[in-house]
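Close look at the chain arrangement
These are the residues of each chain, in order.
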Protein chains: 2
Amino acid sequence: MATLGDIGLAAAINIITAFIFLIAFAILRLQPFNDRVYFPKWYLKGLRTSPTTSGAFASKFVNLDYRSYLRFLNWMPDALKMPELELIDHAGLDSAVYLRIYLLGLKIFIPILFLTWAILVPVNWTNNWLELSKATYSDIDKLSISNIPQGSHRFYAHVVMAYAVTFWTCFALKREYETVAKMRLHFLQSEKRRPDQFTVLVKNVPPDADESVSEAVEHFFLVNHPDHYLTHQVVLNANKLAKLVEEKKSKQNWLVYYQNKYERNQSKRPMMKTGFLGLWGEKVDAIEHHIAEIEKLSNEIAEEKDNVRNNPKAIMPAAFVSFKTRWGAAVCAQTQQARNPTLWLTEWAPEPRDVYWPNLAIPYVSLTVRRLLMSVAFFFLTFFFIIPVAFVQSLANIEGLEKTASFLKPIIEIKPIKAFIQGFLPGIALKIFLILLPTILMIMSKFEGFLSISRLERRSASRYYLFNFFNVFLASVITGTVLEQLQTFLKKSVNDLPATIGVAIPMKATFFITYIMVDGWSGTAGEILRLKPLIIYHLKNFFLVKTEKDREEAMDPGSIGFDTGEPQIQLYFLIGLIYAVVTPLLTPFILVFFALAYVVYRHQIINVYNQEYESSAAFWPDVHGRIIGALVISQLLLMGLLGTKEAASSTPFLLALPVMTIGFHKYCKGRFEPAFIRNPLQEAMMKDTLERAREPNLNLKGYLDKAYLPPIFKEAESDSEDDDDDDDGDKKWAKDNVLVPTKRQSRRNTPVPSKMSNGSSPNLLEIQEKDRP
Amino acid sequence: MATLGDIGLAAAINIITAFIFLIAFAILRLQPFNDRVYFPKWYLKGLRTSPTTSGAFASKFVNLDYRSYLRFLNWMPDALKMPELELIDHAGLDSAVYLRIYLLGLKIFIPILFLTWAILVPVNWTNNWLELSKATYSDIDKLSISNIPQGSHRFYAHVVMAYAVTFWTCFALKREYETVAKMRLHFLQSEKRRPDQFTVLVKNVPPDADESVSEAVEHFFLVNHPDHYLTHQVVLNANKLAKLVEEKKSKQNWLVYYQNKYERNQSKRPMMKTGFLGLWGEKVDAIEHHIAEIEKLSNEIAEEKDNVRNNPKAIMPAAFVSFKTRWGAAVCAQTQQARNPTLWLTEWAPEPRDVYWPNLAIPYVSLTVRRLLMSVAFFFLTFFFIIPVAFVQSLANIEGLEKTASFLKPIIEIKPIKAFIQGFLPGIALKIFLILLPTILMIMSKFEGFLSISRLERRSASRYYLFNFFNVFLASVITGTVLEQLQTFLKKSVNDLPATIGVAIPMKATFFITYIMVDGWSGTAGEILRLKPLIIYHLKNFFLVKTEKDREEAMDPGSIGFDTGEPQIQLYFLIGLIYAVVTPLLTPFILVFFALAYVVYRHQIINVYNQEYESSAAFWPDVHGRIIGALVISQLLLMGLLGTKEAASSTPFLLALPVMTIGFHKYCKGRFEPAFIRNPLQEAMMKDTLERAREPNLNLKGYLDKAYLPPIFKEAESDSEDDDDDDDGDKKWAKDNVLVPTKRQSRRNTPVPSKMSNGSSPNLLEIQEKDRP
């Protein structure tokens, strides 16, 4: 059992680790040659140019200004300075709302901290149950619920606190839901014109012997939406084209690599083998080979492009249908079109960047089967993943390694190395599995046929959370593999489950404290270092980069990663809520995590991440739902725990809590969720009217014409024909959307303009407009 | 243990009982003075007039034509003759589809009967497990799964049969769902113009300081549906008015009663006491007293009517909004109107007859609470109803009775009477509770705030089914009160539940066979006798009826009673599916029930029931869902049963069944359910276009103007002002809708015109039209 001292030591170690990361970051980020790793967002916005273009040679790579090192933690207040409205402008609503999850953590747990420390810590501490029971115990246990004698009336304090925690959490959740819903509606309302506002995605266009898909779509909507239909874009199967373009890009990279190599050492033409991974096959001149290959691919791409455009088989039974007004689009997206509810399915189109193109052609019938298959697969993945991992582990022993790689034998035979490998090898299969898990989950979501990247990420997130819940949380509480647990659970009564888990909860407090410090504190501090992108960027920079444009491409800003990040936060909500009443000592550790993560991710969002799409915070209902779930779980576990404490008189009072919480959830669902799913006609009409008054002569058709052409198509186009005027409209839109003029000057430190400059003042106006009844 | 002989005896008794009912019915229905009890539907349609107006005096009351008695079972083929399309015309789609539930039972169980008898009966019979085990057993058990030895490979036959049953049931269900969905769409399509096609019910109109509700509604829809909005009717709180009108009607009935009494015996003016139930108080002249009271009430009604019309507090924040086109109404019903999703809620308006007026004003927030409360209440009602019943039983003992009603003491003290009361009294509380249960469930549904009678009935039906499942089915299988079961279940593992119940299943076969015969056979045969309406009609006829109109009002045609009837059928589906594989002997009993009930209810629907509303078979998804539920339960129980039979090798093969069944259900939900909830725009547009071509000068506003005035309002109006021209429009519509001219001649026997006459030929045309791609 860990004492307070042990915890203190562990905390010290993790704080020091976190500090080392932060200092390393503070130093690295000041070096000009890392600028593109730590400030890619600004480059992408065109507000920062390479520092290498000016100044002395040394200062191009190393920052020699010693004063800047003194203020090495300055990025923290800088990251906090940017007001939220400007943040939305700068990084989009998704990012701004994502940060609010951390803030919500702070809002929920700070009052809980004060309450529980003021009431429960004295209540727990002033008992001597553990002393009397003569069990081994630590100081931490003296502060926890374990120290209360069986059947004591003091448990009423915990019951009351459970009510307080529930009420406060629900209150915070409701306020937050309200705010986010308002932010979303305001964001949608104040947005510039976007193609998806006018567009509806139509799936399952029925095949017709006499008409092409395009004609069928046009006729159907001209008949059924005669006053509103404007134009449409059929969905083309460009998956093969995308593959070819991808291949060409990779070959081009290699060409550049070999050219660079040749430039540095002109005495020798670089050679390569044509076989698998360049390991065998005929030896050829690498540069010439690649030039020829690229030529070949370019021809193939041109051919495939023709094919996709003209071959009716490449046209999928789906289309993006655009309307004359937002009202028309909102109506079409929310209504059923045809008598057969599996035909002419309409939904609000995701914005063009958010569309996941390969899934657009999956027929309706196979969707049910696919979802069913994936639920079964996920069940097995969660509960039986340990079987293949164990199998690989049994293969990956030292003898096997010696056999397959006999040249390594002399090295492996050295004792300390052998010992290290023997200790390390079994774990590696599990580690690799866990690293691959988000990718596996994402592939599963893609297989299920969701049509937008945001929905894919949300689906993966919810699955990742479930996996974490069973394999991280439950597996830590009840030691043993999940498979064993499953057997235990099936054999036990439903009634006993909360008790079985509940009893184990207080004993695992120290484990979770350590977990929070390692994963939450050091992990978050490590995130800001961006070691992997840093290394890859410098490798690319060395081998591939020739022009400024290449350097731009070598940058990897990354994105928030909702599918892995949010489930991690949710795990902290779960642990925090469960221990809030049981072991109040844990709450401050959770709080430190939320505070640190908030600052770090705010910095990353401002300076690094480049969100690929904008879903306007469509993920909030998921976030809300999972916190509610954590709350209910914490209530059930507390009931189970108190049930075993012979506190029969106080336990029944807890019964109302889960019922009330679920009722609250239903209320919130009805009250706020529609704002995240449907598009109210009132809003649409308001925007239409405003627009008609402002721009009566707008050429909407020209604006929407190419908006939903598959991106790979445009890319291939601009690639082979070097920017013909086809996609100008779309490019212009993209530019309109991204470029926001600001008066930024400084470049060395993170520049944060905090004044509400011109760029954001229209927002203010629109808020006033919105707030009018 | 019952032998085959015992079952045969019980069957004989029940068949005789059923025959007695049927013969009694055959005789009673031929008597002219019962005509209005057994053929009210024809009177209501105006196709039959009282036989008392013509012929000899005796033949007015008694049928003296002996030949008609010889064909006393003729009503059966007569009931079956009417083709379905004509039935829909005659009684509405709801009734026609309701009959299809019985047909579906026949469709599902006839092939199952052949299959299981051909395969399972020999497989079961050719074992001697029961002989060897020396347990007491009967011939029935020899035919059931109990006769297979532990761990036998013969269980594979049952597994295969379980698959066959599941596939066949799913196939039948899918085909039926498809047919019903088509019938519904066709019905909606071929219907005459109805106000609800153009109308949307808007709830939660936000209060506005400057505008009345009516103005707010008009402005909102003029702004947000400028091209489609036509008119609206605010909802008036006429609950008090309704109460007054009701009271007046009752007083009028009493007045008529006293007047009749006085007429018969002119020597004595009838007197009455004014106090409670006429038991005490001042003695007054009954006729004068009632005339005065009616006068007073008439004034109050007039006053209240003015009040409702002009007092803004009587106007509820809800309105029926009508549109110029069906397309506009369909759009408005399916979309979200306002930014705040709890304001301006729209839904497709129920047809005027179907609206449940008192619930129109319940605010949105209280709905969640009301539903939550009712779920909790229903939980307690289901599992703890036995507690108050037992309490009442403990009070209603013989001593208590003697105390409260001491004048009865001499009678009660007589031995046989005392014994009878002692045996009878405890049961009476339970019996009364069970009789009241549907009413209680209906009150609960009303409290939940549903807005149409059809939805109220559907909600009550699903609750009644759950109650039956726990308190009839489960309580019969596992002997003991449900409360005890609940405790057992909570203490047992989830895994053990199917086994616990599954093992008890084969032992209860004889019980359920008896249950089917008593409740299903005799009960159904009793339904056709209509004893209660018969008695009440003749009582009313004797005391109240003076004019032909009074006689019309004395008729009580009743209706299908979906809220009690459907759950009963579902119980048979459940029992049938569970025993299909376990005890094939039970299936024929189920089949007889379905066949008998089909004929009986078809007769009743044609001749008796007068459906109060038309929901266009909106209940089918519920029916489908409950049969799927029964299927899954039967699969789980079979798994549990086989698990205990040491048939470890065959049980896992069953695992896929529930998964597949649930997958099938999800598929059906996606494929067919929207047809029951949403109104496709394509259909709406088609009807609009047709109508515009046929009647270009239609005055729709005039047609819709008073359609959604509360009925009580019209009633009060026509009552006091004797049919002013206000509600002519609506009356005309009602007439349009109900009166279908047929060439009916015969009056004595059930007249069933079977030719597809003019009335139904347009349907055929429309079917052809519909089937075109």
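Rules used throughout
- Residues numbered from 1 in each chain as written.
- Chains lettered and ligands numbered in written order.
- Predicted model: local features only at pLDDT ≥ 70, side-chain atom pairs only at ≥ 80, totals over all residues.
- Heavy atoms only, no water.
- UniProt positions renumbered as here; feature names shortened; annotations may be inferred.
- Helix = DSSP H or I, 4+ residues; strand = E, 2+ residues; numbered from the N terminus.
- Pairing = 2+ DSSP bridges.
- Axes fitted to C-alpha atoms, helices over the stretch in contact; angles between N-to-C directions.
- Contact = heavy atoms within 4.5 Å.
- Buried area = accessible area lost by both parts, 1.4 Å probe.
- Salt bridge = Lys/Arg side-chain N within 4 Å of Asp/Glu carboxyl O.
- Polar contact = N/O pair within 3.5 Å; in protein donor to acceptor, adjacent residues only side chain to side chain.
- Domains from an automatic or database assignment.
- Nonpolar A, V, L, I, M, F, W, Y, C, P; charged D, E, K, R; others polar.
- Expected span 1.5 Å × (residues − 1).
- Bend = angle between axes of the 7 residues up to and from the residue.

By the naming in an unreviewed UniProt entry, chain A goes by Calcium-dependent channel, 7TM region phosphate and is assigned to Helianthus annuus. Here is the UniProt Subcellular location (unreviewed entry) comment for chain A, exactly as written: "Membrane".

Residue placement: Ser250(A) occurs in helix α14 (residues 239-264). Put simply, Ser250(A) and Leu698(A) are 448 residues apart on the chain and 42 Å apart in space, counted from C-alpha to C-alpha.

Take the sheet that holds strand β5 (residues 315-323) of chain A next. To summarise the sheet geometry, strands pair through backbone hydrogen bonds and adopt either a parallel or an antiparallel arrangement. All names here are of chain A. Taken in spatial order, the 4 strands line up as β2-β5-β1-β6 in an open sheet, and their pairing is antiparallel. Where the open sheet ends on each side, the last strands, each with one partner, are β2 (229-236) and β6 (345-348). Ignoring strand direction, the axes of neighbouring strands in this sheet form an average angle of 30 degrees. Bridge analysis of strand β1 (residues 199-203) against β6 gives 4 bridges, and the strand direction is antiparallel. Bridging across to β6, leucine 201 finds its partner in glutamate 347. Across the sheet, helix α13 (residues 213-224) touches β1, β2 and β5, and the angle it forms with β2 is around 150 degrees.

All right, on to the interface of chain A and chain B then. Accessible area lost upon the coming together of the parts serves often as the stated size of an interface. Across the boundary between the two partners, chain A contributes 45 residues, which contact 45 residues of chain B. Interface area for chain A against chain B, summed over the two sides, is near 4,000 Å², with a carbon-plus-sulfur share of 60%. There are 2 salt bridges connecting chain A and chain B. Between Arg339(B) and Glu683(A) there is a salt bridge whose closest N-O contact spans 2.6 Å. Scanning the region where chain A abuts chain B turns up 14 residue pairs in polar contact (both at pLDDT 80 or more). Elements with a contribution of two residues or more to the side of chain A that touches chain B: α11 (155-190), α13, α16 (326-334), α17 (364-384), α23 (482-491), α31 (656-672) and α33 (681-694) of chain A.

Moving on: the sheet that holds strand β6 (residues 345-348) of chain B. Residues and elements named next belong to chain B. Read from one edge of the open sheet, 4 strands run β2-β5-β1-β6, paired in antiparallel fashion. Because the sheet does not close on itself, it has two edges, and the strands there are β2 (229-236) and β6. Neighbouring strand axes in the sheet, compared pairwise and without regard to direction, differ in orientation by 30 degrees on average. Sheet topology note: the β2/strand β5 (residues 315-323) ladder contains 6 bridges and is antiparallel. Looking across to β5, one finds that tyrosine 229 is bridged to phenylalanine 323.

Take the domain arrangement of chain A next. Residue and element names in this part refer to chain A. Assigned domains of chain A: these are domain 1 (4-48 + 59-192 + 365-677) and domain 2 (196-350). At the junction of the two partners, domain 1 supplies 12 residues and domain 2 supplies 13 residues. Buried area between domain 1 and domain 2, both sides added, is near 970 Å², and the carbon and sulfur share of it is 56%. Counting across the domain 1 and domain 2 interface gives 0 salt bridges. Where domain 1 meets domain 2, there are 0 residue pairs in polar contact (both at pLDDT 80 or more). The set of elements that each furnish at least two residues to the side of domain 1 that touches domain 2 consists of α11 and α26 (531-543). For the side of domain 1 that touches domain 2, the per-class residue count stands at 7 nonpolar, 1 polar and 4 charged.

It is worth spelling out helix α25 (residues 509-529) of chain B at this point. Note on helix geometry: an α-helix contains 3.6 residues per turn, so any two residues three or four positions apart are oriented the same way. Taking 1.5 Å as the rise per residue, α25(B) with 21 residues should run 30 Å; its terminal C-alpha atoms sit 30 Å apart, in good agreement. Of all the bends found along α25(B), the most pronounced is centred on Gly523(B) and spans about 35 degrees.

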